[in-house]
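Remarks on the overall topology
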Amino acid sequence: MNQTQSILDTPIEYLKGVGPQRAELLKTELSVFTIGDLLMQYPYRYIDKTSFHRIAELNGDSGYVQLRGVLRLLATAGEGRKKRLVGKFRDDSGVIELVWFTGIHWLEKNLIIGTEYVIFGKITAFNKNLNIAHPEMEVVGSETAQTAPTMAPMYSSTDKLNTKGLDVKARRRLVQTIFEKLLPNEVPENLPDYLLQKFRFPSRYDALRQIHFPKDEQELEAARNRLKFEELFFLQLRLLQIKRRRHDTVKGFVFETIGDYFNEFFNEKLPFELTNAQKRVVKEIRQDLRVGKQMNRLVQGDVGSGKTMVALLCMLIALDNGFQACMMAPTEILAQQHYISINEYAKDLGIQVAFLSGTIKGKKREQLLKLLKEGDIHILIGTHALIEDWVEFKNLGLAVIDEQHRFGVAQRAQLWKKSNPYPPHVLVMTATPIPRTLAMTLYGDLDISVIDELPPGRKPITTVHKTEHQRDHVIHFMKDEIAKGRQVYVVYPLIEESEKLDLLALEAGYEALRRDFAPPEYQISVVHGKMKPKDKDFEMQRFVKGETQIMVATTVIEVGVNVPNASVMVIEHTERFGLSQLHQLRGRVGRGAEQSFCVLMSSYQLSADGRERIQTMVRTNNGFEIAEADLKLRGPGNIEGTQQSGIINLRLADLAKDGRILQAAREVATRILDDDPTLQRPEHLPLKRHLEENKKEAKVWSRIS
Ligand code: ADP
Ligand code: MG
């Protein structure tokens, strides 16, 4: 280990001003173990000590404000859990209330009435009175000249840190102390010189110093850009290395024949012409399948874009080459629906298609497993049961996974074990459009195909927003559509935290509908997650067969049901659904030739966020546009499919906002690995060293294969 590294790697207790107790706090509260770790805790904002709001000009919409004034009064109010500390804060224009709910004891001891403070916080309007809860407070003039830059860093903190003497000011001092000692050559540069020049990036040392203590906005911007790039660049470099390594080492079955199954089906049985997008994707997959490497491809395609047909064509290629194929779906209902459509498409081809799930038991299962092992079943469709140990194929060549399962390492191993000597080719299909930036990161190690075209003749779904006041209209509308022979979904949200209440809402909604849509004229199906699979299936089938006109459901219908005659989707409490979920639900209609409608019901009063989501849905049918909007509204951590993935925990970069930096980082990483796959060139030594020193950041991501 060389000299340069050791300073940043020095345990935090050896930093002047830290000591064992504070070190313990830094470890437990912030996971800071070394001096370098502390430097990597970037400020989340900066106080511009030169600009202040005036209290008289504030209102309920002011948002975050910075004030300079004097603390006038401090008193506790309320009892027990409602106890709070209330202060009055005055500037030369007026007075505002400050309020705290925790840390009261410490605050009472430490805040000084009559003292001038700079405070920062969010304005809340409470019965027309304005206040700020838990403001950040700093005594004016408390800092030495050196530590009072125009932009003072603010660090995210915890109650414990604040009350145990490691508040923002102490944190600032510690970082200051580090930079008093630290020399530029003690922070190893991890980007090659030519990149620094190309992008006019500051050195790593400068960037670190400037992100903590920027001279001005410009300097801060430059530092942040460099550090964001660095973060995204190394992430991409790792992902691309994984992809390359797998591509170079994991061999796969060679499917070079396009034979009778495929040709007969394609030329004689295809019920429609493929869209150009479908053709392109099938071509991309065919290419993957014949090169002798294991395929790992993600197919993204909006609801209704025809992914099932693409899957079938690929499975036929597997069969043509003497292999079996399987297709896995996340729910029983969806798996069954795949089974039905694949069987329908492939009838008369002389192919054995079978269905397996946890509900298939006893003799039936035994029989099926025997046929599977002997190779008499060609395509197996089912749920997660497919990857259980007791499921043995004769020769599995291709696994299609619908709806974006994220496989853990163990599950992946289970799938890989199912074939010999190579793992099966893997095709993952998802109907959740993922914004490009996110896909590049989440699936950075996979190949991606996009079906960006819907089959012709689909009429775009008309989406409207209605409030409770307009329910009568909605009922009339439903009746009109049913009179034309259509069917209607009515969907209620169901989330775990309020499951009981949600089910009550569904039942109440059902009772109310019963009054307007009474038998014998009307029949209603009800489906929710708490029902037995058998009952659920029964109700579902009644709707599929057209015996009921209305299906009242919770989001269990979200994935995959296909009832072309259903042309109206009424969504209750729309404001409680996320955008991508709404988009999925809406995709349940518009599958037939008829004009379809989506009615978004909500209460009259909506949050800004809820309104924005509903307006987005009304404005566009495009899944990718919706995904982009969702990313902007909720941030990357909340996008479906990302939660389990540690990959999104970026320090500085924001996938919703830094798409351009990410794009650049990806391109640079690709070019570097193209030119110098093992990073042997002298100019790439810094990259190699950084990757090696930061191995622990290369988490085991849950990849799909
Ligand atoms: P996805 O799984 O992508 O949501 P599906 O595979 O269920 O979509 O297809 C939706 C509907 O569109 C099905 O009824 C299917 O038969 C039909 N379909 C698929 N491809 C085409 C095409 N090229 N032309 C016409 N209809 C198609
Ligand atoms: Mg599908």
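Our structure is the block above this text.
What this report covers is the structure whose coordinates are included nearby. (Residues numbered from 1 in each chain as written. Chains lettered and ligands numbered in written order. Predicted model: local features only at pLDDT ≥ 70, side-chain atom pairs only at ≥ 80, totals over all residues. Heavy atoms only, no water.)

Here's the deal with the sheet that holds strand β13 (residues 396–402)
Spatially, β11-β12-β10-β13-β14-β9-β15 is the arrangement adopted by the seven strands of the open sheet, whose pairing is parallel. Each of the sheet's edge strands pairs with one partner strand only, and the pair in question is β11 (353–356) and β15 (447–451). In this sheet, neighbouring strand axes are inclined to one another by 20° on average, regardless of whether the strands run parallel or antiparallel. Across five bridges, the pairing between β13 and strand β14 (residues 425–430) is parallel. Note that in β14 the partner of Val400 across the bridge is Leu427. The sheet contacts of helix α11 (residues 276–289) involve β9 (296–301), β14 and β15, and relative to β15 the element is tilted by about 160°. (Pairing = 2+ DSSP bridges. Helix = DSSP H or I, 4+ residues; strand = E, 2+ residues; numbered from the N terminus. Axes fitted to C-alpha atoms, helices over the stretch in contact; angles between N-to-C directions. Contact = heavy atoms within 4.5 Å.)

A look at the nonpolar core
Counting 60 residues, the largest nonpolar core has Phe229, Phe233, Leu237 and Leu380 as the members making the most contacts within it. By residue number, the principal contributor to this core is helix α9 (residues 217–249), which donates eight residues. Membership of the second largest hydrophobic core comes to 39 residues, among which are Ala325, Leu349, Ile351 and Leu427. (Core = buried A, V, L, I, M, F, W, Y, C linked by side-chain atoms within 4.5 Å. Buried < 20%, exposed > 50% of the residue type's maximum accessible area, 1.4 Å probe, protein only.)

Section: helix α23 (residues 659–675)
Here α23 is 17 residues long and its end C-alpha atoms lie 24 Å apart, about the 24 Å a rise of 1.5 Å per residue gives. For α23, the complete set of buried residues consists of Ile661, Leu662, Ala665, Arg666, Val668, Ala669, Ile672 and Leu673. Each element contacted by the buried residues of α23 is listed here: α7 (193–199), α9, α16 (436–442) and α24 (685–693). (Expected span 1.5 Å × (residues − 1).)

Some details on the pattern of salt bridges
On inspection of all chains with the given rule, the structure shows 32 salt bridges. The salt bridge partner of Glu344 is Lys347, with a shortest N-O separation of 2.8 Å. Since its relative accessible area comes to 49%, Glu344 is described here as partly exposed. Residue classification places Lys347 among the partly exposed residues on the basis of a relative accessible area of 43%. A salt bridge links Glu539 to Arg542; its shortest N-O distance comes to 3.7 Å. Of this pair, Glu539 and Arg542 are both found in helix α19 (residues 533–544), three residues apart, which corresponds to roughly one turn of the helix. For the pair Glu539 and Arg542, a shared accessibility class is recorded, and that class is buried. Sharing partners across several salt bridges, the network here consists of Arg280, Glu284, Asp288, Arg297 and Asp452. (Salt bridge = Lys/Arg side-chain N within 4 Å of Asp/Glu carboxyl O.)

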